[in-house]
Amino acid sequence: MATAISANKAELIAIANAVASEKMIDKGIVIEAMEDAIQRAARARYGAENDIRAKLDPNSGDLRLWRVVEVVEQVDDYYKQIDLKGAEKLQKGAAIGDFIVDPLPPIEFGRIAAQAAKQVIFQKVRDAERDRQYDEFKDRQGEIITGVVKRVEFGHIVVDLGRAEGVIRRDQQIPREVVRVNDRIRSLILNVRRENRGPQIFLSRAHPDFMKKLFAQEVPEIYDGIIEIKAAARDPGSRAKIGVISHDSSIDPVGACVGMKGSRVQAVVQEMQGEKIDIIPWSPDTATFVVNALQPANVSRVVIDEEEDRIEVVVPDDQLSLAIGRRGQNVRLASQLTAKAIDILTEADASEKRQKEFVANSEMFQNELDVDETLAQLLVAEGFGALEEVAYVELDELAAIEGFDEDLAQELQSRAQEALDRREQAARDERRALGVEDALAEMPYLTEAMLVTLGKAGIKTLDDLADLATDELVEKKRAEPRRRGDDAPRPAPKGGILAEYGLSDEQGNEIIMAARAHWFTDEEEPAVAETQAEGDEA
């Protein structure tokens, strides 16, 4: 490139064409880089204070060099200004305030100037090449691309993608996969980021979407949209599960993905280094999908806790190890596939849990409703588990219980409401003892028990509540599934302050906006006072 500056006209254009073709960038960018290099060299020759411009004709190679000066009455800056008399010599009819051109003779580049120009052109071309690479790949996230392994650095695989380089980080590789230099490798474009050192293209072979895209390549029905992969979960290099559904009742989604004698699924398995794949029919019914996801284990019963966003699965004793899988793999993949926390219990565990709940609820009814053990157990046996259920259920439903009549039902409801009032009063006293303002009790959806929880978390004023984000207030707690025999300590599940009360995001947002209302009222009051003062003066 050093010879390019001192080359003749034809050579300059030939060099520009060659660089643009090799780097696959616009020829105009190379010409602009050359012009910039010539301008810098000219400023070094004539003085950096001059406003020197260069223009290289992209067709003929003709080079024009000039200095731009402003016509002024009195010259303060001899490098960028000229008086009217001097301007007349350069351009007839020049007037004060005009910018005119002072042609300069071509310059000869020395070795140092040529090296500096070379660096300028290289930098401009490199920047243009990086922009081209970023623009080419930024919209291709989620595609599968084939490249050649260029090198392996610190466990990360650098892949030559032809016009750019990508990297498969160690955590995005399939464990125990052996990769050698010059191997052809397929991977998913996971992310493309613009950074100072150029665009960074991050690839993955461990992401569930990589498996989805492989199935789309092997199964025409998926590519055509007849079969859809609704969910996918992977333990890279070991096992994976996908949930599929067919939009055509005449096509079996599982059979289409397996293929004749397993040809389709085997092609995906080979690409994923022998990873076993469970193909599961997807169902909009959560319970059915969970049963399918836990295959090959048989499930006796599924209990869904919508408030906690958890699923309790009961399996026969001899199916427990199969349902959990080696090192919890089967239940972990099923949990990822259904996006639910799953607890695995045996029939004995479930029976013990139900018995504990039965006893606890019976004792609660005995104490709160002041009834005998038989009556309390009868309520629990009929499905009642909370005072609110007894207090606000339809009277006919309560009276229809065997051995109950309308008078007894009314008495139980009355006692339940009195018990709730006592709880509310106790919570109110505790809330006030904590120093929580009464103004918070006027916020929608907040009960006295919730206010006590807020007070214990240090939220005691409207401003404290208004400063919270919705997720800080009501986000549900999420924890890893607990399995039988797993006594290892787990970190406490994180969630919002009021996560245990099952408030929705919409309700949480409404609470916070109501708490912030006084901010806007406070802003309006000074404006009203100012308007009144102006009226008094008038």
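Note that the coordinates shown come from a computational prediction; the quantities given were computed from them, not determined experimentally.

**Quick word on unusual backbone geometry**
Then step 1. Residue Pro296 is reached from Gln295 by a cis peptide bond, and omega for that bond is 10 degrees.
Then step 2. Within the secondary structure layout, Pro296 lies in the loop between α10 (286-293) and β13 (301-305).

**Brief notes about a positive patch on the surface**
Then step 1. A contiguous patch of positive charge, built from Arg176, Lys276, Arg326 and Arg327, is present on the exposed surface.
Then step 2. Counting through the fold element by element, Arg326 comes out in the loop between α11 (320-324) and α12 (329-338).

**What to know about the nonpolar core**
Then step 1. Counting residues in hydrophobic clusters, the biggest one holds 24 residues, and the most contacted among them are Met211, Phe215, Ile222, Ile242, Met272, Ile277 and Ile279.
Then step 2. Listed by contribution, the elements that provide at least two residues to this core are α6 (208-218), β10 (227-235), β11 (239-246), α8 (253-258), α9 (263-271) and β12 (276-281).
Then step 3. When residues of this core are assigned to their parent elements, the largest contribution, 5 residues, is made by α6.
Then step 4. In contact with Ile222, not counting residues within four places along its chain, are Phe215, Ala216, Ile227, Ile229 and Cys257.
Then step 5. If you look at the next biggest cluster of nonpolar residues, it comprises 22 residues, including Met364, Phe384, Val390 and Leu398.

**A closer look at the side chain of Ser187**
Then step 1. By the secondary structure assignment, Ser187 is in strand β8 (residues 184-195).
Then step 2. Residue contacts for Ser187: discarding those within four places in its chain leaves Glu143, Ile144, Ile145, Ile168, Leu203, Ser204, Arg205 and Phe210.

**With respect to helix α13 (residues 347-369)**
Then step 1. The end-to-end C-alpha distance of α13, which contains 23 residues, comes to 32 Å, matching closely the 33 Å that a straight helix rising 1.5 Å per residue would cover.
Then step 2. Those residues of α13 lying buried are Asp349, Ala350, Ser362, Met364, Phe365 and Leu369.
Then step 3. Buried residues belonging to α13 abut β13, β14 (310-315), β15 (341-346), α14 (373-381), α15 (387-392) and α17 (406-433).
Then step 4. Just past α13, the residue Asp370 takes up positive phi, approximately 55 degrees.

**What about the packing of α10 against α12?**
Then step 1. Their axes nearest at 9 Å, the elements α10 and α12 cross at an angle of 145 degrees. Crossing handedness for the pair α10 and α12: right-handed. Residues Phe289, Val290 and Ala293 of α10 pack against Asn330, Ala334, Leu337 and Thr338 of α12.
Then step 2. Of the residues belonging to the contact of α10 with α12, the class tally is 5 nonpolar, 2 polar and no charged.

**Focus on the packing of α13 against α14**
Then step 1. It is the contact of α13 with α14, at a shortest axis distance of 8 Å, that shows an interaxial angle of 125 degrees. When the axes of α13 and α14 are compared, the pair comes out oblique. For α13 against α14, the interelement crossing comes out right-handed. Seen from α13, the contacting residues are Phe358, Asn361, Ser362, Phe365, Gln366 and Leu369; seen from α14, they are Glu373, Ala376, Gln377, Leu379, Val380 and Ala381.
Then step 2. Grouping the amino acids of the contact of α13 with α14 by side-chain chemistry returns 7 nonpolar, 4 polar and 1 charged.

Analysis parameters
- Residues numbered from 1 in each chain as written.
- Predicted model: local features only at pLDDT ≥ 70, side-chain atom pairs only at ≥ 80, totals over all residues.
- Heavy atoms only, no water.
- Helix = DSSP H or I, 4+ residues; strand = E, 2+ residues; numbered from the N terminus.
- Patch = residues over 30% accessible without salt bridge, like charges linked within 9 Å, V, L, I, M, F, W, Y side chains within 5 Å.
- Areas by Shrake-Rupley, 256 points an atom, 1.4 Å probe, with all protein chains shown as cover.
- Salt bridge = Lys/Arg side-chain N within 4 Å of Asp/Glu carboxyl O.
- Lys, Arg positive; Asp, Glu negative; His and termini not counted.
- Charge placed at Lys NZ, Arg CZ, Asp CG, Glu CD.
- Core = buried A, V, L, I, M, F, W, Y, C linked by side-chain atoms within 4.5 Å.
- Buried < 20%, exposed > 50% of the residue type's maximum accessible area, 1.4 Å probe, protein only.
- Contact = heavy atoms within 4.5 Å.
- Expected span 1.5 Å × (residues − 1).
- Axes fitted to C-alpha atoms, helices over the stretch in contact; angles between N-to-C directions.
- Left-handed = near helix turned anticlockwise from the far one by under 90°.
- Nonpolar A, V, L, I, M, F, W, Y, C, P; charged D, E, K, R; others polar.
- Parallel < 35°, antiparallel > 145°, perpendicular 65-115°, else oblique.

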